[in-house]
Amino acid sequence: MNNDISETEFSVNEIFASVNGEGTLSGELAVFIRLCGCNLRCSYCDTKYAWDFADERIMTVSEILEKVKSYGSIRNVTLTGGEPLYRKNVKKLLEALTSHGYLVNIETNGSMNILPYLELPFASELIFCCDYKLPSSGEEGKMHLNNISALRENDVLKFVIGSEDDFAKTLEILKAYHPNCHVYLSAVFGKVEPKEIVEKLLSWTEKVRTDRIRVQLQLHKYIWDPNLRGV
């Protein structure tokens, strides 16, 4: 790792090890790197403490790597925020992590163009978990729609559902784009019951391909207090 990369600095909110609560790596251990700053203000956001830089700790790539390595045999890294792709020079952090053998799951809010990242030489070591922000989020108008078609077979398109309008928009997007990736449907915690998503999905079997769609529970919120940080 050259010096230009190793000394690049990031505003880090927290780094911790836990179980992946969402996506294709759900249930697997991962080291979470939460970066500060976000360009959206979703109504149901559960990480508002990472919106700004009040809790920031400035860390170089080398320091981040040392912290990640301190968790021993864990080889999954979940890069989250805030919005991790909103941060300048994030490609350098991704390069460093993948060059050290980590599989990086990037949780991105759907407003950032992911295409440049898919062209990176180490893109096969990246998994994108990309949101489509539905009407109840208040941020649907900021979605980068080209992301939907760009997502690869091993990536995830995620819909967080909090209202009947959200269900309708989810079905509309699925019918319009026929995404090739995994599709995950989850509930806004406390707003929609998971069984409602199952029932709705059953009603869609004649309308869209459902074999790539999964109903998702935010696993960490059932293991720990939903408001607990660092898990």
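The text that follows walks through the structure, step by step, so that each part is easy to find. Quick caveat, the model's predicted, so the values are computed rather than measured.

**Some points on the pairing of strand β4 (residues 76-80)**
- Of all five residues in β4, five are buried, a share of seventy percent or more.
- What you see with β4 is no split at all: Asn76, Thr78 and Thr80 on one side and Val77 and Leu79 on the other are buried throughout.
- Across four bridges, the pairing between strand β2 (residues 29-35) and β4 is parallel. Bridge pairing in β4 links Phe32 to Thr78.
- Where β4 meets strand β5 (residues 103-108), four bridges bridge the pair, whose relative direction is parallel. Bridged to Thr78 within β5 is Asn105.
- The parallel pair β4 and β5 is bridged by helix α3 (residues 90-99), and the resulting crossover is right-handed.

**Some thoughts on the sheet that holds β4**
- Taking strand neighbours across the sheet as the criterion, the nine strands line up as β3-β1-β2-β4-β5-β6-β7-β8-β9 in an open arrangement whose pairing is mixed. Each having just a single partner strand, β3 (57-60) and β9 (213-216) make up the two edges of the open sheet. Between one strand axis and the next, the sheet turns through 30° on average, direction left out of account.
- Against the sheet, helix α6 (residues 164-177) contacts β6 (126-132), β7 (156-161), β8 (182-187) and β9, and its axis sits at roughly 160° relative to β7.
- Strand contacts of helix α7 (residues 194-203): β8 and β9, with the helix running at about 160° to β9, the strand carrying the most contacts.

**Focus on unusual backbone geometry**
- Along the chain, Gly81 connects to Gly82 via a cis peptide bond; the corresponding omega equals 15°.
- In this structure, Gly82 sits in the loop between β4 and α3.
- Even without being a glycine, Asn89 presents a positive backbone phi close to 70°.
- Relative to the helices and strands, Asn89 resides in the loop between β4 and α3.
- Of note in this structure, His178 is not a glycine but carries a positive phi near 45°.
- Position of His178 relative to the elements: it lies in the loop between α6 and β8.

**Details of the environment of Tyr49**
- Secondary-structure assignment places Tyr49 in the loop between β2 and β3.
- Taking the C-alpha atoms as reference, Tyr49 lies 8.6 Å from Cys36; in sequence the two are 13 residues apart.
- Separated by 3.3 Å, the side chains of Tyr49 and Glu14 make a polar contact.

Thresholds applied
- Residues numbered from 1 in each chain as written.
- Predicted model: local features only at pLDDT ≥ 70, side-chain atom pairs only at ≥ 80, totals over all residues.
- Heavy atoms only, no water.
- Buried < 20%, exposed > 50% of the residue type's maximum accessible area, 1.4 Å probe, protein only.
- Helix = DSSP H or I, 4+ residues; strand = E, 2+ residues; numbered from the N terminus.
- Pairing = 2+ DSSP bridges.
- Right-handed = clockwise from strand over helix to strand, strands pointing away.
- Axes fitted to C-alpha atoms, helices over the stretch in contact; angles between N-to-C directions.
- Contact = heavy atoms within 4.5 Å.
- Polar contact = N/O pair within 3.5 Å; in protein donor to acceptor, adjacent residues only side chain to side chain.

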